[in-house]
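Take a look at the letters that make up each chain.
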Amino acid sequence: FGYPCTSLALRSGFLIAAYGNGSVVVYNMRSRVKTIEIAAHSRSINALDMHPTHDVFATAAEDGFVQLWGINLAIGEVTHMFSAPIKDNLLCGVAFSGEEYKALAAAGFDNTPRCTTT
């Protein structure tokens, strides 16, 4: 692919991979075929988290944004749902907070966790 894979998640036989060029790629694990590719960020994605019960995932990148994405694996579609800038911080982590997908926590290299809601 030419760029480092920085984060991975699995869901229903699909592998969701984040890359250093800002792309997110979804692979079918059974056929080993790339099914979806999106330009998710303008810089390297440092973290990706898949919600445990909802078909959504979050990304955090060096462009300073945390983004929320909906994924429909049955039709091969990813939909952008939410974006939040985190000022003056190089993001290195993201996680869902709670059972719903509307609260996200992000971490930066300055050791300060940030929370945002969609």
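This structure is a prediction, so every number in the text was calculated from the model and none was measured.

What counts and what doesn't
- Residues numbered from 1 in each chain as written.
- Predicted model: local features only at pLDDT ≥ 70, side-chain atom pairs only at ≥ 80, totals over all residues.
- Heavy atoms only, no water.
- Salt bridge = Lys/Arg side-chain N within 4 Å of Asp/Glu carboxyl O.
- Helix = DSSP H or I, 4+ residues; strand = E, 2+ residues; numbered from the N terminus.
- Buried < 20%, exposed > 50% of the residue type's maximum accessible area, 1.4 Å probe, protein only.
- pLDDT = per-residue confidence, 0-100.
- Disulfide = S-S within 2.5 Å.
- Pairing = 2+ DSSP bridges.
- Axes fitted to C-alpha atoms, helices over the stretch in contact; angles between N-to-C directions.

**Things to note about the pattern of salt bridges**
Point 1. Going through the model one piece at a time under the given rule, you end up with three salt bridges.
Point 2. Salt-bridge contacts for Asp 55 lead to Arg 11; the nearest nitrogen and oxygen are separated by 2.8 Å. Highlighted residues: Asp 55 in the loop between strand E5 (45-50) and strand E6 (56-61) and Arg 11 in strand E1 (residues 5-11), separated in sequence by 44 residues.

**Some remarks on unusual backbone geometry**
Point 1. Phi is positive for Arg 32, close to 60°, though the residue is something other than glycine.
Point 2. Overall, the relative accessible area of 74% leaves Arg 32 in the exposed class.
Point 3. Although it is not a glycine, Asp 88 sits at a positive phi angle of roughly 55°.
Point 4. For Asp 88, the location among the structural elements is in the loop between strand E8 (77-85) and strand E9 (91-96).

**Observations concerning the confidence of the model for the protein chain**
Point 1. Residues at a pLDDT of 70 or more form 92% of the protein chain, whose mean pLDDT is 91.
Point 2. Across the protein chain, element-level confidence peaks in strand E2 (residues 14-19) with a mean pLDDT of 98 and bottoms out in strand E11 (residues 113-117) with 64.

**Focus: the state of the cysteines**
Simply put, the disulfide is a covalent bond whose two ends are the sulfur atoms of two cysteines.
Point 1. This structure, assessed with the given rule, holds zero disulfides.
Point 2. In this structure Cys 5 is a free cysteine whose sulfur lies 17 Å from that of Cys 92, the closest cysteine sulfur available.
Point 3. With relative accessibility at 41%, the residue Cys 5 sits in the partly exposed group.
Point 4. Since its relative accessible area comes to 31%, Cys 92 is described here as partly exposed.

**Details of the sheet that holds E1**
Point 1. With antiparallel pairing, four strands are arranged side by side in an open sheet as E1-E2-E3-E4. In this open sheet, the two strands that pair with only one neighbour each are E1 and strand E4 (33-39). Strand-to-strand, the axes of this sheet are offset by a mean angle of 20°, without reference to chain direction.
Point 2. The pairing of strand E3 (residues 23-28) with E4 spans six bridges and is classified as antiparallel. Across the sheet, Val 26 pairs through a bridge with Ile 36, a residue of E4.

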